[in-house]
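Structural description and commentary
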Amino acid sequence: MILVHEPEAACRTRLAAEGFPPERIVEISSYLAQSTDIEPEFDAIAAECGRRGIDFLPVELDDAAQAFAGRDPGSTLVWTLTDGIAYFRGGAAPALTRLHALPTFGADDTLFALCQDKFRSGAVLAALGLPVPAAGLARAGEWIVPPPQSSAGYFVKPNRLGAKIGIWPDSHCGSADEALTLSRRIFEHYRDDAIVQPYVAGRNVRASFLAVDPAADNRALGVALVDSGADFQTMSDSLSLYGETGEAAQAAGTRSEPSLEPLARSQPLADAAIRRIAGVLMDGLGLRDVFSADFRVDADDTVHLLEFEVCPGLPCFDFRDYCRRQWGLLLPEAIAEAAARRLSDALPQPTLAMHTGV
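A few points on the structure.

Calculation criteria
Residues numbered from 1 in each chain as written. Predicted model: local features only at pLDDT ≥ 70, side-chain atom pairs only at ≥ 80, totals over all residues. Heavy atoms only, no water. Helix = DSSP H or I, 4+ residues; strand = E, 2+ residues; numbered from the N terminus. Rg over C-alpha atoms; globule rule 2.2 N^0.38 Å. Contact = heavy atoms within 4.5 Å. Lys, Arg positive; Asp, Glu negative; His and termini not counted. Charge placed at Lys NZ, Arg CZ, Asp CG, Glu CD. Core = buried A, V, L, I, M, F, W, Y, C linked by side-chain atoms within 4.5 Å. Buried < 20%, exposed > 50% of the residue type's maximum accessible area, 1.4 Å probe, protein only. Axes fitted to C-alpha atoms, helices over the stretch in contact; angles between N-to-C directions. Parallel < 35°, antiparallel > 145°, perpendicular 65-115°, else oblique. Left-handed = near helix turned anticlockwise from the far one by under 90°. Nonpolar A, V, L, I, M, F, W, Y, C, P; charged D, E, K, R; others polar. 1 Å grid on protein atoms, 1.4 Å probe; cavity = no way out; pocket = protein on both sides within 12 Å on 5 of 7 lines; lining within 4 Å. Points joined across faces, edges and corners; volume = space filled by probe spheres on them. Phe/Tyr/Trp six-rings, centres within 6.5 Å; stacked < 30°, edge-to-face > 60°. Lys NZ or Arg CZ within 6 Å of the ring centre and 35° of its normal. Pairing = 2+ DSSP bridges.

**Structural notes on the overall build of the protein chain**
Looking only at helices and strands, the protein chain has 14 helices and 14 strands in total. Against the compact-globule benchmark of 21 Å for 358 residues, the protein chain has a radius of gyration of 20 Å, which places it among compact chains. Dimensions along the principal axes, computed over C-alpha positions, put the protein chain at roughly 60 × 50 × 45 Å. Taking as baseline every contact in the protein chain between residues at least 6 positions apart, the subset at least 24 positions apart corresponds to 74%. The protein chain carries 31 positive and 49 negative side-chain charges, and their two centres are separated by 2 Å.

**Some points on the nonpolar core**
Counting 65 residues, the largest nonpolar core has Met-1, Trp-79, Leu-210 and Ile-274 as its most contacted members. In this structure Ile-274 touches Val-205, Ala-207, Leu-221, Val-223, Leu-263, Phe-295, Val-297 and Val-303, once residues within four positions along its chain are discounted.

**Re the packing of helix H4 (residues 42–51) against helix H14 (residues 331–343)**
Helices that pack against each other are described as a pair by the angle of their axes relative to one another and the distance between those axes. One can describe the packing of H4 onto H14 by two numbers: an axis separation of 8 Å at closest approach and a directional angle of 45°. Considering their axes alone, H4 and H14 lie oblique with respect to each other. Where H4 crosses over H14, the handedness of that crossing is right-handed. Of the residues in H14, those in contact with Ala-44, Ile-45, Glu-48 and Cys-49 of H4 are Pro-332, Glu-333, Ile-335 and Ala-336. Within the contact of H4 with H14, the residues separate by chemical class into six nonpolar, no polar and two charged.

**Section: unusual backbone geometry**
Among all residues except glycine, the phi angle is most often negative; among peptide bonds, the trans geometry is most common. Its identity is not glycine, yet Ala-101 carries a phi of approximately 60°, on the positive side. The topology assignment puts Ala-101 in the loop between helix H6 (92–99) and strand S4 (104–105).

**Side note on the layout of surface pockets**
Taken as a whole, the largest pocket spans an internal volume of roughly 230 Å³. Around the largest pocket, the lining is made up of 14 residues, and of these Met-1, Ile-54, Asp-55, Ser-75 and Thr-76 lie nearest the centre. The class makeup of the residues in the lining of the largest pocket is seven nonpolar, five polar and two charged.

**Notes on the packing of aromatic side chains**
One pass over the structure, following the stated rule, counts eight aromatic pairs. Arranged with centres 6.3 Å apart and planes meeting at 25°, the rings of Trp-168 and Tyr-190 form a pair that is stacked. Of this pair, Trp-168 sits in the loop between strand S7 (154–158) and strand S8 (172–173) while Tyr-190 sits in helix H9 (residues 176–190), and the two are 22 residues apart along the sequence. Each member of the pair, Trp-168 as well as Tyr-190, is classed as buried. Here the aromatic residues Tyr-31, Tyr-87 and Phe-88 are joined through ring pairs into a cluster of three or more. Over the face of the ring belonging to Trp-168 we find Arg-185, whose NZ or CZ atom lies 3.8 Å from the ring centre. Here the basic side chain of Arg-191 rests over the ring of Phe-20, its NZ or CZ set 3.8 Å away from the ring centre.

**As for empty space enclosed by the protein**
Within the structure shown, the criterion is met by four cavities of 30 Å³ or more. Approximately 940 Å³ is the volume found for the largest cavity. What lines the largest cavity is a set of 44 residues, and nearest its centre among them are Ala-163, Lys-164, Arg-206, Asp-294 and Glu-307. Within the residue set of the lining of the largest cavity, elements represented by two or more residues are helix H3 (33–38), S7, strand S9 (194–198), strand S10 (203–210), strand S13 (290–297), strand S14 (303–309) and helix H13 (317–327). Looking at the lining of the largest cavity residue by residue, the class counts come to 23 nonpolar, 11 polar and 10 charged.

**Some details on the sheet that holds strand S1 (residues 2–5)**
Strand order in the open sheet made by the four strands is S2-S1-S3-S4, with parallel pairing throughout. Among the strands making up the open sheet, the edge pair consists of strand S2 (57–60) and S4. Bridge analysis of strand S3 (residues 78–80) against S4 gives two bridges, and the strand direction is parallel. Of the residues in S4, the one forming a bridge with Val-78 is Thr-104.

**Some thoughts on the sheet that holds strand S11 (residues 222–227)**
Pairing in this open sheet of five strands is antiparallel, and the strands run S12-S11-S10-S13-S14 from one edge to the other. Among the strands making up the open sheet, the edge pair consists of strand S12 (259–262) and S14. The average undirected angle you get between the axes of adjacent strands in this sheet is 30°. When S10 meets S11, the two strands line up antiparallel, connected through four bridges. In the sheet register, Ser-208 faces S11, and the bridge partner there is Gly-222.

In structure tokens, the structure reads:
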């Protein structure tokens, strides 16, 4: 099993060459923090793979083409850890597997592009009949597509950046004019458009999925309330949790993880609705193997789908929690088991007790 990852350092080098200032480089490259965070576990993943009769090869993205060359499609599985087509380049990995006719773990390579453009992604999700907030698009203080009117104000964030990059405490603003001002700041900082959506109230929910069992369906989804003590998480919250900046925050004693609680405990109807939405994402959009999605859930069980990721942060606290609750496995065990079950039907198939997670 080849795990392809894009390091923060490689991204920083590219961004510096493109003229981004140091502070913006740190912020943008933080999206790749899971590459930093998973490297200390490579030995544990290799050991778990070895116990299941397979080899584990972590490969940096820049070395992927060479690593794929000459591989036997019948005995190779490629797992891409990071996505991206704009600021990040992970989407090149599944495209390279297509060139080399290698099987992949995860979504079709076209989705690696779609999920990193929130405006286009939202249009596709809406076409599938899913409950995504309507959106406008602004560039440097000018409307490309005006948003619908909203009495609750607007939420403004970069269109092609994730991991809370470009989300500040004032990203929930009161008017369209304020939203344009925020789009100006986003363009100045990141050279990106801003997606502008009517603000939706509710609690933040993360849905996580890993098909440790190849037959797993939306019943294996982990649906958890994410409580950070605020209405929404910001870029500074994210920076304090992951990657190199997260390591510094942990050393300084300023790192604080949000709490997680299975949604089904308090809102079973909303939990069921999210599982139905996940079923549409899997059947209609082609999500498979590993993914996550973010939601807002009202007290009346109204569900709003915000976005999905084809490369969820595997070493993040929420995904580790999911692996423990749903599969009863630590992260290295879950990765190795999922890969081993794909690589060979002849491998021993230990029985896994699927946890309810509630």
